[in-house]
Amino acid sequence: MSDVRSHADDVRLRAMLVAADEDALTEAYDRHAPSAYALAARITGDPCWAEDAVQEAFVELWRHPERFDPHTGSLRTWLCMLARRRAIDLLRRQSAQRVHLTRLAGQAPVEPTVEDDVVGAAQAKAVRECVRDLPVLYRDAIALAYYYGLSYRQVAVELGVPEGTAKSRLRSGLRLLAERMSAAGYSAYEVVDAP
Amino acid sequence: MHVELARQAAGWLALTHVAPPPSGLRSRVLAAAVAVRPPSSGSASSAYVSQVAAFGALIDSLSPSQWSAPTVDGRSVGDLVLHLAGNDGNVLADLGTIVPPRRKAGALWRDQSDLLLRTVAQGGDDVLARPVRMAGKVPARRPLREALTQRAFETWIHQDDIRAAVALPLVAPAPSHLARILGFGLALLPGAIDAAGRGRAGTVRLALSGPGGAEHVVGLSARAAAGGTPCLAEVSMPADRFGRLMAGRVPVTPSVAAVSGDRAAALDLLTVAATLGCE
């Protein structure tokens, strides 16, 4: 989708939200909840907290749509910012509670080992770098589908291309990604279906 | 082979990818939202909402030099936005809403249109029935429900003015919104023809074509009921062009519309219609 068109959509949704049009909230949710949820889940590492963060972000948007300024950024960025802020608040609260509970129990909290983190983080970093270096046509389609959780159809709408084109870009991008990961010395990882 | 490679890549991506939100979250979010702020039930402001969105997107896209570009009547784009905000502000003042002052035209217009939309959304039918100032040369007060259609009309026309000033193509309102704006103007027309001293018995059949268009029978006086009076003339033109004519943006010339029958009656109707705008 072109920047001009998506900006016009954001401004339209903002006006409808100020006018308390529930359809605008539904549309905003369907377009942007996957991104906000993916971000909140990455921050909190907990699906329940991610849900809470997303809910609070959309309720905030509905209560105060005037605070979103389309001139300074997109609605998706705004909602992700709200979800991120809520997710961090939840983490902080949880963290304070855990310290409190740990003191009560008189033992150290169980954390993932440093090695687990390092191996996972290195692989994830390699994948992200590989995605980043893909030709832009493939990279955008893959980022929307896998990082923002959009369906084939939503990817097509976002990119302003027919569904068939979005599908073929995703397929070609995935093939190229696998070839490059393999060339970089990484063996196949557990397979999951595309969204 | 290709399929296998793609499946491997999807596996790699799973390292950095999170599942989509659970399906039940959508209804929970919507329920939590409407519990803290009830949704608006009416459609009285839908044409205005749409024009606010189009106008907002347009002014967001203007460069600093475009803000000082001259418009059709010599005012700069910035002055025109201030003028529009001024007329929105009159409506808000009549509703008892105070708007914090802003120095920049764009921010002032956005604050005021936000407040108007929010006031209508919260107020319901009581607010829509309250009389407020109409924009225009002749002082008049009408219920907010009608004033909102006039706000949509004026916001559209000034959007056109700005588009023309910065060499962008003109954009007509959505068909249903254009039809509402035209209906608002046509309802005022017989009275305006009387006020201009051109009232007479008879009607004109106005055939407005294209999106938002319809056939209207317009009385040439508010004093005579249209039913049973003779149809003196027929006027045909595109609906969006008639809307722009009502705003005084299309000059009334003998060739402005296809006319049959009594040309003088038809031209009287068009000439007075062209005074219905709000500057």
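Residues numbered from 1 in each chain as written. Chains lettered and ligands numbered in written order. Predicted model: local features only at pLDDT ≥ 70, side-chain atom pairs only at ≥ 80, totals over all residues. Heavy atoms only, no water.

- Chain A is annotated in an unreviewed UniProt entry as RNA polymerase sigma factor of Paractinoplanes globisporus.
- If you open the UniProt record of chain A and go to Sequence similarities (unreviewed entry), you find "Belongs to the sigma-70 factor family. ECF subfamily." (UniProt positions renumbered as here; feature names shortened; annotations may be inferred.)

1. Some details on the overall build of chain A
Here's step 1: Counting its secondary structure elements, chain A contains eight helices and zero strands.
Here's step 2: Helices and strands appear in chain A in the N-to-C order α-α-α-α-α-α-α-α.
Here's step 3: Look at the contacts in chain A between residues 6 or more apart in sequence, and 64% of them connect residues 24 or more apart.
Here's step 4: Carbon together with sulfur atoms contributes 52% to the accessible area of chain A, which is approximately 10,100 Å² in total. (Helix = DSSP H or I, 4+ residues; strand = E, 2+ residues; numbered from the N terminus. Contact = heavy atoms within 4.5 Å. Areas by Shrake-Rupley, 256 points an atom, 1.4 Å probe, with all protein chains shown as cover.)

2. Here we look at the pattern of salt bridges
Here's step 1: Enumeration over the complete set of coordinates arrives at 30 salt bridges over all chains.
Here's step 2: A:Asp30 is paired through a salt bridge with B:Arg26; the nearest N and O atoms lie 2.7 Å apart. Of the two residues, A:Asp30 is situated in helix 2 (residues 22–44) and B:Arg26 in helix 2 (residues 24–36); the pairing between them involves two chains.
Here's step 3: Across the pair B:Arg133 and B:Asp94 runs a salt bridge whose closest N-O atoms are separated by 2.9 Å. (Salt bridge = Lys/Arg side-chain N within 4 Å of Asp/Glu carboxyl O.)

3. Some words on the side chain of B:His177
Residues and elements named next belong to chain B.
Here's step 1: Of note, His177 is situated in helix 8 (residues 175–195).
Here's step 2: Judged by relative accessible area, which is 12%, His177 ranks as buried.
Here's step 3: Excluding residues that lie within four positions of it along the chain, His177 makes contacts with Ser46, Ala47 and Ser50. (Buried < 20%, exposed > 50% of the residue type's maximum accessible area, 1.4 Å probe, protein only.)

4. A word on the packing of helix 3 (residues 47–63) of chain A against helix 2 of chain B
Here's step 1: In the contact formed by helix 3 of chain A and helix 2 of chain B, the axes pass within 9 Å of each other and the chain directions differ by 40°. Between helix 3 of chain A and helix 2 of chain B, the angle falls in the class oblique. The crossing of helix 3 of chain A and helix 2 of chain B is right-handed. Side by side, helix 3 of chain A and helix 2 of chain B meet where A:Glu51, A:Val54, A:Gln55, A:Phe58, A:Val59, A:Trp62 and A:Arg63 of the first sit next to B:Leu25, B:Arg28, B:Val29, B:Ala32, B:Ala33, B:Val34 and B:Val36 of the second.
Here's step 2: For the contact of helix 3 of chain A with helix 2 of chain B, a count of residues per class yields 10 nonpolar, one polar and three charged. (Axes fitted to C-alpha atoms, helices over the stretch in contact; angles between N-to-C directions. Parallel < 35°, antiparallel > 145°, perpendicular 65-115°, else oblique. Left-handed = near helix turned anticlockwise from the far one by under 90°. Nonpolar A, V, L, I, M, F, W, Y, C, P; charged D, E, K, R; others polar.)

5. Side note on the domain arrangement of chain B
Residue and element names in this part refer to chain B.
Here's step 1: Partitioning chain B into structural domains gives domain 1 (46–165) and domain 2 (175–273).
Here's step 2: Using C-alpha coordinates to define each centre, domain 1 is positioned 26 Å away from domain 2.
Here's step 3: If you look at the interface, domain 1 gives 15 residues, while domain 2 gives 11 residues.
Here's step 4: Summing both sides of the interface, domain 1 and domain 2 together bury roughly 1,200 Å²; the carbon and sulfur share of this comes to 69%.
Here's step 5: Of all residues in domain 1, Thr149, Phe153 and Trp156 bury the most surface against domain 2, accounting for 43% of the area lost on that side.
Here's step 6: Our enumeration of links across domain 1 and domain 2 arrives at two salt bridges.
Here's step 7: Put simply, Arg249 and Asp161 hold a salt bridge, and the shortest N to O gap is 2.6 Å.
Here's step 8: Remark: the boundary between domain 1 and domain 2 carries three residue pairs in polar contact (both at pLDDT 80 or more). (Domains from an automatic or database assignment. Buried area = accessible area lost by both parts, 1.4 Å probe. Polar contact = N/O pair within 3.5 Å; in protein donor to acceptor, adjacent residues only side chain to side chain.)

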